[in-house]
Amino acid sequence: MLKKILFFLLIALIGNANAQYWQQQVDYRIDVKLDDKTHRLYGEIAFDYLNNSPSTLDSMYIHVWPNAYKNGKSALAEQLEGEGKKLSTIDTAKLGGISALDFKINGSAVSWSFHPDHEDIVLIKLAQPLAPGKQLTLTTPFIVKIPSGSISRLGHIGQSYQITQWYPKPAVFDHKGWHPIPYLNQGEFYSEYGSFDVSITVPKNYVVGATGELQNPTEVAFMDSIATDTKNRITEIIALPSGNLRDSFPSSAADWKTLRYIQDKVHDFAWFADKRYKVLKGSVKLPESGRNLTTWALFTPANALNWQNAIEYINDGTYYYSKWNGDYPYSAVTAVDGTISAGGGMEYPMITVIGNASSARELEVVIVHEVGHNWFYGILGSNERQHGWMDEGMNTANEMRYVATKYPDNQDLSDMVLGGKLHLNDLDHHDMGDIFYRFLAVLDADQPIETHSADFSSANYGAIMYQKTGLIFQYLRSYLGDELYDQCMHRYYDLYQFKHPYPEDMQRVVEGVSGRKLDWLFGDLIQTTNIIDYKIKKAQRVEPLNTFTVKVKNKGSVAGPIGVSSLDKAGVILETQWTNPTDKRSTLIFKGNPAINEFAIDPNGNIPELNRSNNRILVNKALFKKLEPRKLEFMFGDHEANKTNVFWTPMMAFNHSDRTMLGVAVHNFGLPFKPVQYFIAPMFSFGRKTLGGVAEISKTCFPANGVRSIKTGISIKSFGIDDDPNGQRQSFYFAATPYLKINLVSDTRPKGYANDLTFKWLFRRDIFSNDMSMENGLKVNHTIQSNKKNFSYQGQLQFEGVLGFHDEIFEFENYARVSVTQEFKVKYLDRKKTRNIKFRLYGAYNLAYNPGSSYYNVMGRYSISMFGSAGYQDVFAENYFFNRATVSGAQYTDDMGGFRTGSNNLRMSNYWASTVNATVQLPIQPNMFVAFADFGVYDNGVGVAALYNAGLGINLGDIVGVYFPLVQSVNMGDLYQNYKTSIRLTLRFNPFNLPYKLSTLLK
Ligand SMILES: [Zn+2]
């Protein structure tokens, strides 16, 4: 009863919140003519702008987005440059723009200017402010130079035209103010609702698809005739061989035709024109109203094979989205084959453009997704730039549901990777998102769903904004049940169709209809990167009552509900119960049933949990057991539900002392990564005739408050260290380094920031034929990093200390050091090539230094090297060396002083040193040649000395560096006397850094 009262109360609140609502109205009349010889549009636009807001407007923002394509300075150009596409260097014929603008309001010229930062936004000062309830009419001619279709969404490839975001259009003014936004590739739109009356003039033989209802009976007959012809000849069209007959553009007719499209209650107008288009026409009956509407597919002959059943995809998409959200309100749905868009697809009201698809199934999913945007973008017109999940994410939730409904047994993801040959078992369409999200979350590379579109990394834009939103709304649906979930979505659709809903509106409606508080979803899961992990603790039979009690615990940082099911031997769900979202621990009571074989949290994987290995408990007569069968697989695969997957990989290594090493790695680096990771690789050393190798195990956890993540682990290494080529090769080291890495970066920081605090402990034994040394140490490192488009910075403050002991001579040694490293990287452009200049500043001071009388002293193991650490100075065993028994090999790590020179001029300090290293990437191809210069001062024990050198080198990423010094200071000796030893090699390779490297790539 209480629940019911609450329910009605909330419904009343929804109504109330809605009563204040207002939005602006824009009614357009556009005449446009396509010149397909010069690829230009000549147009006249007039729109009536009705101010429904309570504010008086004294200015207006107008988007003139073709100017995004004008030069290398637009926001679009800047964003594309980050993706490696440069507008500044592109052939100007391929650029675009809008010109001939002459704005008049109510017939009088106005003063207007471009936005100071964005030439694709115009600011108009109104001579007479526009009072609430008043209307103005704005007019202007315009000429659009259509850019190359390879740049972004507006464009042409040859005479195939994709005319989108093409006309002057007011920015949205809503209760949060004006929303002037520059056009972007990553980051979508926000537009005012209104009506369109658009007349398009093109040569007569063009086939056109557009927003709106076509008004010309002769053109309707023209489209119908192509549709009949396409239907009759589809096999013949599919069989056409590639070449002129199929692919080239027929010449344009000398006669023109003017097509008129009219539409109300839409917020944009796009059109597509291609003389080669084939057409299929269909119709679909809507589930609620029973109304029939027309569906169109326009495609080029080259893509006819995949497109032959496109009408089915459009119809089914339209039907299911209508069923789950509300009936489609317009009279037609069109999908066009946009041979010019770079993969994927793009949505506009009533019409969507689809890029090349590799299979019919892929095409179907893209068509359904883009058609689905008619609901989540077209009809529910949210601010996509700011709250992209409200369209892309909600749409992905429907797309996932569509594939699961129509193809319940699909294995889309398994089939996709190497034709299903890898051990990716039974992974379906939904798992694409599930694995992608969990992969990034475990690497700590995810961002909150509620992030501005432009602040997402490109991986997170897809994995978080689209996929994670899809996953969490599937979670909500499994919690509420389909019926109640659908009621929520229908109510949201009814209340906000043709309006501008915000996240708070959606939350209010869904909470109101469901009668549940959903902070765990709209707060934790959307606003933060908090993670989900639920655990089943115990299941107990209560004999006298014939029931089971099942205890579950919320181990994650999201206060969400847990769904627990009882299952029979075949895995069929018998009963499901949900906990109260806010309870940390819950006890659920299930009906007794002899068929119960196990209890499981979320057996269908609807909850995007990071750790699913604690989700099941088996009922084994009186005994309850948690256990999963193990499965050993070669190389790599996915982590399957109900199984513990273990992978094995053959290993081979080589170094100076061990010679060849052969072994096997056993690990759990499957997809997605698990919070607990292990990699154990024992290898047989043919040089030492014994075992060595590496092992590492780590666990990452994600606390609810304070820090972003904490990774604890231990790394173990053991390799030979004997430098004597004829010796017994019995010497080796064994190093165990437990570590703790705390990620302090805050959730709201945009991409490109890092803030890590790392503690590393060292327990190392070096065993020689007649001696043994022990070294225990600690390294504390704080790193901050900020990556901007043209500039990046990394700062590092480090303390390290080691206490050593030599058994034979019974002597202690030690050192303690503080150091600071700062790196600045600036991008520069030379002859159209982007290259970096990097400055590195390093300073170190030994707080304590006592090398004893052993050869540690002689070899400078604890000294500050001006050159970086050679094998012998890698005390913490952090890198791999061909020869770690030496300070005079060619291989160095680019740490400490970092001088790029080989070993014959070894320089070290026992006190302090400071260096500057400059590296310039040369503007030649390929991008691997650098010029470098190093300068440093240090205390060499006698006094302060200065060194410099400069030369040329080759850099392969961060991994390999080969350097050839050409000049050096006199006090470094004669460079050319034995030049071979002056060449320096840097190798920074660590397989355990691979996940970390991946995550930085993805950031
Ligand atoms: Zn989309």
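Residues numbered from 1 in each chain as written. Predicted model: local features only at pLDDT ≥ 70, side-chain atom pairs only at ≥ 80, totals over all residues. Heavy atoms only, no water.

Student: How would you sum up the sheet that holds strand E3 (residues 57–63)? Please name residues and give values.
Tutor: The pairing of strands in a sheet comes from backbone hydrogen bonds and takes either a parallel or an antiparallel form. Here four strands make up an open sheet; going across it, the order is E7-E8-E3-E12 and the pairing antiparallel. Among the strands making up the open sheet, the edge pair consists of strand E7 (111–114) and strand E12 (169–170). Both E7 and strand E8 (residues 121–130) contribute to a ladder of four bridges, which runs antiparallel. The partner of Phe-114 across the bridge, within E8, is Val-122. (Pairing = 2+ DSSP bridges. Helix = DSSP H or I, 4+ residues; strand = E, 2+ residues; numbered from the N terminus.)

Student: Which residues make up helix H16 (residues 519–527), and what are the values?
Tutor: For H16, the set of buried residues is Trp-520, Leu-521, Phe-522, Asp-524, Leu-525 and Ile-526. Among the structural elements, helix H13 (458–480) and helix H15 (503–514) are those in contact with the buried residues of H16. (Buried < 20%, exposed > 50% of the residue type's maximum accessible area, 1.4 Å probe, protein only. Contact = heavy atoms within 4.5 Å.)

Student: Can you lay out the pattern of salt bridges for me, pointing to particular residues and giving the numbers?
Tutor: Summed over all chains, the structure comprises 42 salt bridges. Note that Arg-260 and Asp-197 form a salt bridge whose closest N and O atoms lie 2.5 Å from each other. Of this pair, Arg-260 sits in strand E18 (residues 256–266) while Asp-197 is found in strand E15 (residues 194–203), placing the two residues 63 residues apart along the sequence. With a closest N to O distance of 2.8 Å, Arg-508 and Asp-505 form a salt bridge. Of the two residues, Arg-508 and Asp-505 are both situated in helix H15; the distance of three residues between them amounts to about one turn of the helix. Overall, Arg-508 belongs to the partly exposed group, its relative accessible area being 24%. Judged by its relative accessible area of 11%, Asp-505 falls in the buried class. Look at the salt bridges and you will find they share partners, linking Glu-312, Asp-316, Glu-364 and Lys-406 into a network. (Salt bridge = Lys/Arg side-chain N within 4 Å of Asp/Glu carboxyl O.)

Student: Explain the coordination of the zinc ion residue by residue, including any values.
Tutor: Surrounding the zinc ion are the protein donor atoms His-369 (NE2), His-373 (NE2), Glu-392 (OE) and Glu-392 (OE), which sit 1.9 to 2.7 Å from the metal. Classification of the site at the zinc ion rests on its four donor atoms, whose angles at the metal span 53 to 156°, yielding the label irregular. Site description for the zinc ion: donor spacing in sequence, H-x3-H-x18-E. In this pair, His-369 is assigned in helix H8 (residues 360–372) and Glu-392 in helix H10 (residues 392–406), connecting sequence segments 23 residues apart. We classify His-369 as buried; its relative accessible area is 7%. (Donors = N, O, S within 2.8 Å, 3.2 Å for Na, K, Ca; no water. Tetrahedral: all angles 85-135°; square planar, octahedral: opposite > 155°, others 65-115°.)

So far we have only geometry, and geometry alone does not tell us how the molecule works.
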